[in-house]
Amino acid sequence: MITDCEKTVRKILKQIPGKTNATGMKYLCKLAQSLADVPGWFIDLGTYQGRSAMVLTVASLGEGPARRIISIDNYTNGTKGGQPDFWTVKRRFKCRNRAHLVVGETDLIPPIVQGAQVALVFVNVDHRREQLDKDIAAWKPLVEPGGIMAFDGYGSDRWPDVQAVVDEAMGDWTRLDCTGNVQAFEKG
Ligand SMILES: C[S@@+](CC[C@H](N)C(=O)[O-])C[C@H]1O[C@@H](n2cnc3c(N)ncnc32)[C@H](O)[C@@H]1O
């Protein structure tokens, strides 16, 4: 089954408050679908209430139980709404066994992912240089050939570090589109 990204994003927007915009979510959904042949985890850095995590999860519904998603957030900086009831979020989107919330720093690789393959990393954490550098250093080496890293906030006047850091750090990967402030790169 191929997920209808338009419909999926409309449903998620209605049910989960969040920071990733509709255009960025649709793009993320398409990126996730494009990776059907690349094995490994989908990693969502910056869970907030679970919006981008559910995009990645629903986008990979047709791939059966193999595709698993980890979403990481520390919930320590006064995140509005606090930590969501992720169990309920997952039940709504019928993905109880595939998606996991890890409470912690996004630049620390959770034990469950250590040594495992990674197909996609979506970075939507703290859009300032210091954290971006840490997240890229931690996750970029783990992505499989053909896999993708995508960054929210690219091209935004509010978060100029994103474009600057990402352009410096990702120059050795293939640049894909930037849509809805989400810039993606594919590992060659
Ligand atoms: C922009 S929001 C994420 C939006 C979410 N991806 C969505 O689709 O709605 C950023 C999140 O990153 C978390 N965060 C900020 N710095 C962090 C860090 N160093 N480690 C883990 N989480 C962090 C915040 O708690 C916040 O929930």
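Residues numbered from 1 in each chain as written. Predicted model: local features only at pLDDT ≥ 70, side-chain atom pairs only at ≥ 80, totals over all residues.

*Asks:* Explain the site of the ligand to me, using residue names and the numbers behind them.
*Replies:* Of all residues adjacent to the ligand, which total 19 residues, the nearest are Gly-18, Thr-20, Gly-46, Arg-51 and Ser-52. Only α3 (51–59) and β2 (69–73) provide two or more residues apiece to the shell around the ligand. Within the shell around the ligand, the residues separate by chemical class into 4 nonpolar, 10 polar and 5 charged. (Near = placed C-beta within 6 Å. Helix = DSSP H or I, 4+ residues; strand = E, 2+ residues; numbered from the N terminus. Nonpolar A, V, L, I, M, F, W, Y, C, P; charged D, E, K, R; others polar.)

*Asks:* Can you break down the sheet that holds strand β6 (residues 174–179) residue by residue, with the values?
*Replies:* Strand pairs in the sheet, formed through backbone hydrogen bonds, run parallel or antiparallel to each other. If you trace the 7 strands from one edge of the open sheet to the other, you get β3-β2-β1-β4-β5-β7-β6, paired in mixed fashion. If you trace the sheet from one side to the other, it starts and ends with β3 (99–103) and β6, each paired once. Across the sheet, the mean angle separating the axes of adjacent strands is 15° when strand polarity is ignored. (Pairing = 2+ DSSP bridges. Axes fitted to C-alpha atoms, helices over the stretch in contact; angles between N-to-C directions.)

*Asks:* Could you give an account of the nonpolar core, with specific residues and numbers?
*Replies:* Leu-28, Ala-32, Val-55, Leu-56, Leu-120, Val-121 and Ala-150 are the most contacted members of the largest nonpolar core, which has 51 residues in total. Residue contacts for Val-55: discarding those within four places in its chain leaves Thr-8, Val-9, Ile-12, Met-25, Leu-28 and Cys-29. (Core = buried A, V, L, I, M, F, W, Y, C linked by C-beta atoms within 7 Å. Buried ≥ 20, exposed ≤ 12 C-beta atoms within 10 Å, placed from the backbone. Contact = placed C-beta atoms within 7 Å.)

*Asks:* Break down unusual backbone geometry for me, citing the residues and quoting the values.
*Replies:* Look at Lys-94: it is not a glycine, yet its phi comes out positive at around 55°. With respect to the helices, strands and loops of the structure, Lys-94 is situated in the loop between α4 (86–92) and β3. You can call Lys-94 exposed: it has 11 C-beta atoms within 10 Å. Unusually for a residue other than glycine, Asn-181 sits at a positive phi of about 65°. Within the fold, Asn-181 resides in the loop between β6 and β7 (182–186).

*Asks:* Hey, could you go over the environment of Ser-34 for me, with residue numbers and the actual values?
*Replies:* Position of Ser-34 among the secondary structure elements: in the loop between α2 (22–33) and β1 (41–45). Accessibility expressed as a C-beta count within 10 Å gives 16 for Ser-34, which makes it partly exposed. Separated by 25 residues in sequence, Ser-34 and Ala-59 place their C-alpha atoms 9.7 Å apart.

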